[in-house]
Amino acid sequence: MRPASSCTQCRSRKKRCIVPQLGRSCSLCTRKNWKCDLLNTATSFDGHGPARVGLPARPPPSQEVVQLPQPQTTPTTPARSPNLPPPAICNELVDIYFDLIDEKQIIMFHRNTFITAQRAGQVPDFLVLGMIAAVARFSNNSFFDGIHPWDRGKPWLKAAIQAFYARSELIDLASLQGSILLSHVAYVEGDSAQEALLASQAIRMVQMLRLPENLSPDPIQREIEIRAFWEIWMIEHWDSGRTQIPRQLTVSPNFKRPLEEEVFRNMDASDPPERYSEANIEASGLRQCGLWSSMLAMSEIHLQVMRFNDEIVQNLLSPVNTRLRVREIAKMLDGWLHGLPSHLQDTPENRHRYASRGLGREFAVHWLVYHHQSQLLYYQFLNQNVELPEGCPDHEASMYADRCRMHAAALSQVMWDTHSVPGMECLWSPVNGHLLVVASSILLYTLLFDTDDKSIARARTLLEQNFIILLQFRKYWSYVELSMTRLRAFHRACQMNSTKENFSIDQWMIDFLNRYDAQISDRYSDDIRPPPSDAQIAGGNAPSVDLWLQLSEVRR
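The shown structure was predicted, so the numbers you read here are calculated from the model rather than taken from an experiment.

Considering a nonpolar patch on the surface
Okay, step 1: A grouping of Leu170, Ile171 and Met208 is seen on the molecular surface, where their side chains present a nonpolar patch of about 310 Å² in accessible area.
Okay, step 2: Relative to the helices and strands, Ile171 is located in the loop between helix 6 (149-165) and helix 7 (173-188).

Here it is in structure tokens:
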């Protein structure tokens, strides 16, 4: 009899049946936790034809096998994916992911239902592997002894990408989540080509799934789908501003906003569906009062600020139109700030309340992004003439320059206050290092040109604190070394030319402010100085604290 080339489940669904190893269930049945006809049979199928008895099935021809460290198993060890580390390690790292990154950087998982499914082995490998790749750098487990935090994620990212491209369902919610998660990890690992490819797939999947209009009737999955849409929408806005690539996703005022964070977190699969009916949610205003619902407007402003600064350099706007555009965006920022409900305002009471509910980091993200957009918008006024052509004082320019300095100080203080509290560290993204570098360059302006002793002393303190935080970030994220290299370049420029010209909005400055994933040359030379190598860092040859503290000693 001709051996079966696929199991009953795959044949009935007209799916490709892939058996990764002789005698095991096919990939689809394993992922869906179904009983597979091919389990423990004498033949295996690799997707191209029956494999001969006694030979292991070949992997898909386009996939390179990744060798990962595996524990010794015994006949009593429960069956699990051969790609994953031991269950205890998986569980630890998934928990770290939800503590440090989920709802701070990526907002497309529901913690309780994901962890329940992951512990039961019902989550696709590429999602678990992607989380491991993102957070292995933070683990204190002896499993990673001898591996530098910068290097821990690389093999797991490679395995995750292989698992992602070997999946049986090409377009579904898990695939969308995987493309977004792996795009993020590829980005922080410096693989810009892989990041762009995965992000592009995520955009097309959102369009093919018709999100966020075509939503699941299940309340939890519906909210996950809404969050996944807005996550890739925000990613596209930030990437479009950085890369100047046109956007593809459009939104409608009718699109549902993310549910308030604590309500979303507390949703349970056993809840009656009517509890989270859209009528009840709308009546309670739960789509308008959350942190991430408020953040959506900030992503739109971010794109406008970055494009505006590019237009200034390209001389696309007259001085009059430039000032009008500043007023327009400033009005948006002020409108966002004044429109916040009382529970979202930056007060000590709100900071304490969100921290006590386990949402302190999320609250910090809210304000870090606001201050960053503001310092980017007003940066151009640090080198503006404070007099109008008629000889009158330009009070508006002076006000905007003061705002720039105020927001840089506020961003630095939020970062320090958050990072100084155990369990609140700002580790969710290496891009936080870029935010600190921009703020530090503005604080350096205060040291150079301010005459008020209190302002100078505060700027010096904030600069030192920023450096301490950057060093902590650099322990985990190699990407942060690039940010620190950029600040060193800025510092060298100030040493070579201690005038306000260093703060002019020209192409060098746009690269410094906007292209935060790229190296920059010295401002007054064509040499690009690469960050120190791993060997230099390990050997103690990286820039020392004393060198960096020169930033706080610079004066006219």
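So, next bit.
Thoughts on the pattern of salt bridges
Okay, step 1: The final tally for this structure, using the stated rule, is 33 salt bridges.
Okay, step 2: Arg242 serves as the salt-bridge partner of Glu195, at 3.2 Å between the closest nitrogen and oxygen. With Glu195 in helix 8 (residues 192-209) and Arg242 in helix 9 (residues 219-243), this pair connects stretches of sequence that are 47 residues apart.
Okay, step 3: Residue Glu195 is classed as buried on the basis of its relative accessible area, which comes to 7%.
Okay, step 4: Arg242 sits in the buried class, given a relative accessible area of 6%.
Okay, step 5: Overlapping salt bridges bring together Arg137, Asp151, Lys154 and Glu189 as one network.

Thoughts on the confidence of the model for the chain
Okay, step 1: On average, residues of the chain score 85 in pLDDT, and 82% of them reach the 70 mark or higher.
Okay, step 2: Within the chain, the element-level pLDDT minimum falls on strand 2 (residues 50-51), averaging 32, and the maximum on helix 5 (residues 125-135), averaging 98.
Okay, step 3: pLDDT under 50 marks residues 527-549. Its contacts with residues more than four places away, or in other chains, come to 37 contacts.

As for the packing of aromatic side chains
Okay, step 1: Overall, the coordinates contain 28 aromatic pairs when judged by the stated rule.
Okay, step 2: Relative to Phe98, the ring of Tyr97 lies with its centre 5.5 Å away and its plane at 90°, an arrangement referred to as edge-to-face. Per residue, the accessibility class of Tyr97 equals that of Phe98, and both read buried.
Okay, step 3: Here Trp336 and Trp367 contribute two aromatic rings whose centre-to-centre distance is 5.7 Å and whose plane-to-plane angle is 70°, an arrangement assigned as edge-to-face. Placement of the pair is Trp336 in helix 13 (residues 319-338) and Trp367 in helix 15 (residues 360-378), with a sequence separation of 31 residues.
Okay, step 4: With relative accessibility at 4%, the residue Trp367 sits in the buried group.
Okay, step 5: What links up through ring pairs into an aromatic cluster is the set Tyr379, Tyr445, Phe449, Phe490, Phe503, Trp508 and Phe512.
Okay, step 6: It is Arg167 that lies over the ring of Phe164; its NZ or CZ is 3.9 Å from the centre.
Okay, step 7: Lys500 extends its terminal NZ or CZ atom over the ring of Phe449, reaching a point 5.7 Å from the ring centre.

Looking at the nonpolar core
Okay, step 1: In terms of nonpolar packing, the biggest core is built from 156 residues, with Tyr97, Tyr379, Phe490 and Phe512 touching the most fellow members.
Okay, step 2: It is helix 17 (residues 431-449) that provides the largest number of residues to this core, a total of 13 residues.
Okay, step 3: Here this core spans two domains, since at least three of its residues come from each of domain 2 (87-268) and domain 3 (317-524 + 543-553).
Okay, step 4: Contact partners of Tyr379, with chain neighbours within four places excluded, come to Cys404, Val438, Ser441, Ile442, Phe490, Phe503, Ile505, Met509, Phe512 and Leu513.
Okay, step 5: Judged by nonpolar contacts, the second largest core, of eight residues, contains Cys10, Cys26, Cys29 and Cys36.

Rules used in this analysis
- Position labels on residues start from 1 in each chain and follow its written sequence.
- Two thresholds apply to this predicted model, a pLDDT of at least 70 for residue-level local features and 80 or more for giving and counting side-chain atom pairs, whereas whole-chain, interface and lining totals are computed over all residues.
- Each side-chain value is derived from all of the structure's non-hydrogen atoms; neither hydrogens nor water enter the calculation.
- Surface patches are defined over residues having more than 30% relative accessible area and no salt bridge, joining like charges when they lie within 9 Å and nonpolar side chains (Val, Leu, Ile, Met, Phe, Trp, Tyr) when within 5 Å.
- The method behind every accessible area is Shrake-Rupley, applied with a 1.4 Å probe, and residues are considered shielded solely by the protein chains displayed.
- Throughout this description, the term salt bridge denotes a Lys or Arg side-chain nitrogen within 4 Å of a carboxyl oxygen of Asp or Glu.
- Helix numbers and strand numbers start at the N terminus; a helix is a DSSP run of H or I with at least 4 residues, a strand a run of E with at least 2.
- Burial status follows relative accessibility: with a 1.4 Å probe on protein chains alone, a residue under 20% of its type maximum counts as buried, one over 50% as exposed, and anything between as partly exposed.
- Values of pLDDT, which run from 0 to 100, indicate the predictor's confidence residue by residue.
- Residue contacts are defined here by distance: any two heavy atoms, one from each residue, within 4.5 Å place the two residues in contact.
- Between the rings of Phe, Tyr and Trp (Trp by its six-membered ring), a pair exists once the centres lie within 6.5 Å; its type follows the angle of the planes, with under 30 degrees stacked, over 60 edge-to-face, and the other angles tilted.
- Lysine and arginine charges are scored as sitting over a ring when NZ or CZ, respectively, is within 6 Å of the ring centre and within 35 degrees of the ring normal.
- Put simply, a nonpolar core is a bunch of buried Ala, Val, Leu, Ile, Met, Phe, Trp, Tyr and Cys residues held in one set by side-chain atoms that sit within 4.5 Å of each other.
- Where a domain begins and ends is set by an automatic assignment or by a domain database.

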